[in-house]
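Coordinate inspection notes
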Amino acid sequence: MEKTVVRLEQVRKTFGRVVAVDRIDLGVKTGEFFAVLGPSGSGKTTLLRIIAGLETPDQGRVLIEDEDVTLYPPYERYTGMVFQEFALFPHKTVAENIIFPLRMQGHLKDEQEKQLKWVLNLIKLPGYEDRFPHQLSGGEKQRVALARGLVSRPKVLMLDEPLANLDRELRKEMEVEVRRFQLELGIPFIYVTHNQEEALTMSDRLALIKDGSLVQVGDKLEIYNHPKTSFAAGFVGSSNLFEGEIVEIEDDAFVMDYKDLKIRTPKCEGGQKGDTVKLFVKTEHMELGKQLKGIENTMEGIVRDSIFKGQYVDHIIELKNKAVITVSRNISDRVQIKREDMVQVGWNIQAGHAFTD
Amino acid sequence: MISRVFRNRRVRIGFFVLPATAYLFVFLILPMISILIFSFWRTERYVLIPDWNVHNYVTIFTQWAYIKFLLKSITMASFVSAICLLYGYPVAYFVAKEGGRYRLILLILTAAPFFTGTLLRITAMQHILGPIGLLNMFLANIGLAPIQVLMYTNLSSSIGFVYLWIPFMILAIYLSLLNFDFELLEVAKIYGAKPFRAFWEITWPLNWVGTVVGLVMVFIPTLADNATPLFLGGMFGKLYGNILFNQFGESGTWAMGSAMGVVLFLVCFAVIAAFGQTINLKRMGYFGG
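Everything numeric in this text was worked out from a predicted model, so none of it was measured.

Of the regular secondary structure elements, chain B holds 14 helices and 2 strands. In terms of principal-axis extent, the alpha carbons of chain B reach across some 80 × 70 × 40 Å. Within chain B, the fraction of its 289 residues that count as buried is 31%. Residue pairs at least 24 apart in sequence account for 68% of intrachain contacts in chain B once pairs closer than 6 positions are excluded.

Glancing now at the interface of chain B and chain A. Contacts between the two partners involve 19 residues from chain B, matched on the other side by 18 residues from chain A. When residues of the side of chain B that touches chain A are traced back to their parent elements, those giving at least two are helix H9 (183-190) and helix H10 (195-206) of chain B. Of the residues forming the side of chain B that touches chain A, the biggest block, 6 residues, is contributed by H9(B). Grouping the constituent residues of the side of chain B that touches chain A by class yields 10 nonpolar, 2 polar and 7 charged.

Formed by 99 residues in total, the largest nonpolar core has its most connected members in A:Ile190, A:Tyr191 and A:Leu208. Counting residues per element, this core draws most heavily on helix H2 (residues 94-104) of chain A, which supplies 6 residues. The two domains that each donate at least three residues to this core are domain 1 (4-232) and domain 2 (238-355) of chain A. Ignoring anything within four residues of it in the chain, the contact list for A:Tyr191 reads A:Phe33, A:Phe34, A:Ala35, A:Val36, A:Leu159, A:Met202 and A:Ser203. Formed by 38 residues, the second largest nonpolar core is a distinct cluster that contains B:Leu70, B:Val80, B:Leu239 and B:Ala259.

Residue and element names in this part refer to chain A. The strand order across the open sheet formed by 6 strands is E6-E7-E8-E3-E9-E10, and the pairing between neighbours is mixed. Across the chains shown, the open sheet's two edge strands, defined by having one partner strand only, are strand E6 (79-82) and strand E10 (213-219). The mean angle between the axes of side-by-side strands here comes to 15°, regardless of whether they run parallel or antiparallel. Bridging between strand E3 (residues 33-37) and strand E9 (residues 205-210) involves 4 bridges; their strand directions are parallel. In the sheet register, Ala35 faces E9, and the bridge partner there is Leu206. Strand contacts of helix H4 (residues 138-150): E6 and strand E7 (156-160), with the helix running at about 175° to E6, the strand carrying the most contacts.

Once that is clear, we can look at the pairing of E6(A). All names here are of chain A. Here E6 shows two buried faces, one formed by Thr79 and Met81 and the other by Gly80 and Val82. As paired elements, E6 and E7 share 4 bridges and run parallel to each other. Within E7, the position partnered with Val82 by the bridge is Leu159.

This part covers the packing of helix H4 (residues 64-98) of chain B against helix H11 (residues 208-224) of chain B. Residue and element names in this part refer to chain B. It is at 8 Å that the axes of H4 and H11 come closest, and there the two elements cross at 140°. Here H4 is positioned oblique relative to H11, judged by the angle of their axes. Handedness of the H4/H11 crossing: right-handed. Side by side, H4 and H11 meet where Ser73, Ile74, Met76, Ala77, Val80, Ser81, Cys84, Leu85 and Gly88 of the first sit next to Thr211, Gly214, Leu215, Val218, Phe219, Thr222 and Leu223 of the second. When the residues that make up the contact of H4 with H11 are grouped by side-chain class, the tally is 10 nonpolar, 6 polar and no charged.

All names here are of chain A. Here Gln196 is to be found in helix H6 (residues 196-202). In this structure the C-alpha to C-alpha distance between Gln196 and Leu214, which are 18 residues apart in sequence, comes to 15 Å. If we ignore the near neighbours within four places in the chain, the residues touching Gln196 are Leu37, Phe235 and Val236.

This brings us to unusual backbone geometry. Residues and elements named next belong to chain A. Although it is not a glycine, Glu65 adopts a positive phi angle of roughly 50°. Of the residues examined, Glu65 has 14 C-beta atoms within 10 Å and is grouped as partly exposed. Positive phi values are uncommon outside glycine, yet Glu161 reaches one of about 45°. You can see Glu161 is positioned in the loop between E7 and helix H5 (168-185).

All names here are of chain A. Running from N to C, H2 and H4 cross one another at 30°; their axes reach a closest spacing of 7 Å. By the angle class used here, H2 and H4 are roughly parallel. On H4, the residues touching Val94, Asn97, Ile98, Phe100 and Pro101 of H2 are Val144, Ala147 and Arg148. Of the residues belonging to the contact of H2 with H4, the class tally is 6 nonpolar, 1 polar and 1 charged.

On to the sheet that holds strand E2 (residues 18-29) of chain A, then. Residues and elements named next belong to chain A. Strands sit in the order E2-E1-E4-E5 across an open sheet of 4 strands; the sheet is antiparallel. Each end of this open sheet is capped by a strand with a single partner; those strands are E2 and strand E5 (67-68). Docked against the sheet, helix H1 (residues 44-52) engages strand E1 (4-15), E2 and strand E4 (59-64), running at close to 60° with respect to E2.

With that out of the way, let us pick up helix H13 (residues 240-248) of chain B. Residues spaced three or four apart along an α-helix point in a common direction, a consequence of the helix completing one turn every 3.6 residues. Residues and elements named next belong to chain B. The set of residues buried in H13 consists of Tyr240, Gly241, Ile243, Leu244 and Gln247. Viewed along the axis of H13, the buried residues span an arc of 165°, placing them on a single side of the element. Those residues of H13 hidden inside the fold are in contact with H4, H11, helix H12 (227-233) and helix H14 (254-277).

Residue and element names in this part refer to chain A. Burial along strand E20 (residues 352-355) is two-sided: the face carrying Gly352 and Ala354 and the face carrying His353 and Phe355 are both buried. For strand E14 (residues 276-282) and E20, the ladder comprises 4 bridges, and the chain directions are antiparallel. Within E20, the position partnered with Lys278 by the bridge is Phe355.

Residues and elements named next belong to chain A. Assignment of secondary structure puts Ile123 in the loop between helix H3 (109-122) and H4. Along the primary structure Ile123 and Ser230 are separated by 107 residues, whereas in three dimensions their C-alpha atoms are 40 Å apart. Not counting the four nearest positions on each side in its chain, Ile123 is found in contact with Arg143, Leu146 and Ala147.

Turning to the confidence of the model for chain B, a few remarks are in order. Caution is warranted with low-pLDDT regions, since their predicted coordinates should not be read in detail. All names here are of chain B. Of the residues in chain B, 99% reach a pLDDT of 70 or more, and the chain-wide mean stands at 91. When pLDDT is averaged over each element of chain B, H9 comes out on top at 97 and helix H1 (residues 2-7) at the bottom at 76. Scoring the predicted complex yields pTM 0.87 and, for the interface, ipTM 0.87.

Another point: H10(B). Residue and element names in this part refer to chain B. For H10, spanning 12 residues, the distance from its first C-alpha to its last is 16 Å, which sits close to the expected 16 Å at 1.5 Å a residue. The complete set of buried residues in H10 reads Ala198, Glu201, Ile202, Thr203 and Leu206. Take H10 and look down its axis: the buried residues cluster within an arc of 150°, on one side only. Residues Phe196 and Trp204 are exposed on H10 and point more than 90 degrees away from its buried face.

Rules used in this analysis
Residues numbered from 1 in each chain as written. Chains lettered and ligands numbered in written order. Predicted model: local features only at pLDDT ≥ 70, side-chain atom pairs only at ≥ 80, totals over all residues. Helix = DSSP H or I, 4+ residues; strand = E, 2+ residues; numbered from the N terminus. Buried ≥ 20, exposed ≤ 12 C-beta atoms within 10 Å, placed from the backbone. Contact = placed C-beta atoms within 7 Å. Nonpolar A, V, L, I, M, F, W, Y, C, P; charged D, E, K, R; others polar. Core = buried A, V, L, I, M, F, W, Y, C linked by C-beta atoms within 7 Å. Domains from an automatic or database assignment. Pairing = 2+ DSSP bridges. Axes fitted to C-alpha atoms, helices over the stretch in contact; angles between N-to-C directions. Parallel < 35°, antiparallel > 145°, perpendicular 65-115°, else oblique. Left-handed = near helix turned anticlockwise from the far one by under 90°. Arc of directions from axis to C-beta. pLDDT = per-residue confidence, 0-100. Expected span 1.5 Å × (residues − 1).

What follows is the structure, encoded as structure tokens:
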């Protein structure tokens, strides 16, 4: 059975009147890549700081390997942390930065040298020992920061938006690298980000956080395909949002009035006639064609623009009621669509997620 | 017309730099050159005589009295600098880290004694430490003996010095800490450094330049001062500065005084150079190079 390495029990932290983290329960298992995804100011950094021991929670317990470390100082927790701004020691060389945790933990010189060599190879920067941080590029700095985090094989490595300061190309590359380090070492990673793409690319499991509370925790595909709240549906993946009043209740669907368009949505708990319902449909779950057949929701629109995104194209469609939606289609899609074409868009009821919250 | 002339880089530099340069030349460089020249002359009956010789220097470096006072002053300045560092660092650290929006007020408060003159501050010290000062009066009133060691001794001089110059030390370290990223300490702690170790590994080296500035700003005025030992040091508390001052006063031996001044200058220069040797900008987190 997989062991839980980090466990939070009813952890709460306030700063003045602001509740940064509100009664959070969380478990991170051995060898797991766990992403915490949330908008900025949602309390995700505070959560990491509590695990690292930089903040003491007002309530609740923090357990690392079944030991209650709630009141332990950071230097007795054997964790690691990688920061958005790299936070390398500017007066120390790459080698000195990396072996810092080993020195602090009293490892012998030979051991330090051995580990340094190993980790420099891991991050593919051998020969960089004597450089200073300011002589490194952003990507190299973050590799060194990762090496410093991994060299002592901490019980858990926390990463606070580590790729946010890197450009897009580098970020893609580093996403793969970070994941590789994690798989190779089997150290649990807690990865905090506001970038859902990063979270979905790298993680095994995912926690969605909003206003200091967990919205949903689970397998990333589970959250992607079955969001439990409108926040989860709106934040993970890219969706079109339809909001309107329930005008009719059928056996297996609600009928919603969306700016004079009738849309059928899956039923959700507690929905009554007259309630406002929010329907999320992922852009890639929408069909597009000149003439759609056998699809439960179909409507007409005009192609206003087609944005090339690499493997897929985002078609911007203006519906008859002037609402604008996005439909993502694979680049290899046979349907030929030009700007200002009249088209049909549609999706099956079960492709959408409806909420009355 | 004027604006066209001003567009010339040399003219512009001259306009801004010349006044300061002229000022420094007339009021700093010229006097120093004249002192250097006088130091190789001799004085006879209060009159300087341009009779070139190195006798003054020979006297300073061979007669124990002069060497003794120089060594005493160096010891005093070292001691005072060390105490200022020890007391000043925590204060600067606290203000920079925890001061928040009160930082500036707190800092100005540490310099509050500067609102009065140096002499006044020293006399005030005398009124606290002296035989009929606040401290000993109080002790006498509750039936205790006065603290001898605080009455006109080197110790009371050093207390006065620390009191006088500690704002410089606090200011220098504070300014350095303002640019210090305290988050680095959190990083160090996560990676296993206990608080003092984190300080020693991170804060101390990254703020060493500011610390050196503070040390120099305390060391040099202490080395040259004559008022503090005069008021607080008593009979046996005389320092190099007092002896130097005497040359220009009572004894009227300007040439000797000038030579002593040159020696003082050289000692200061040597101290600054020695501290400069400890500064490796790369090792202090400065970019470039």
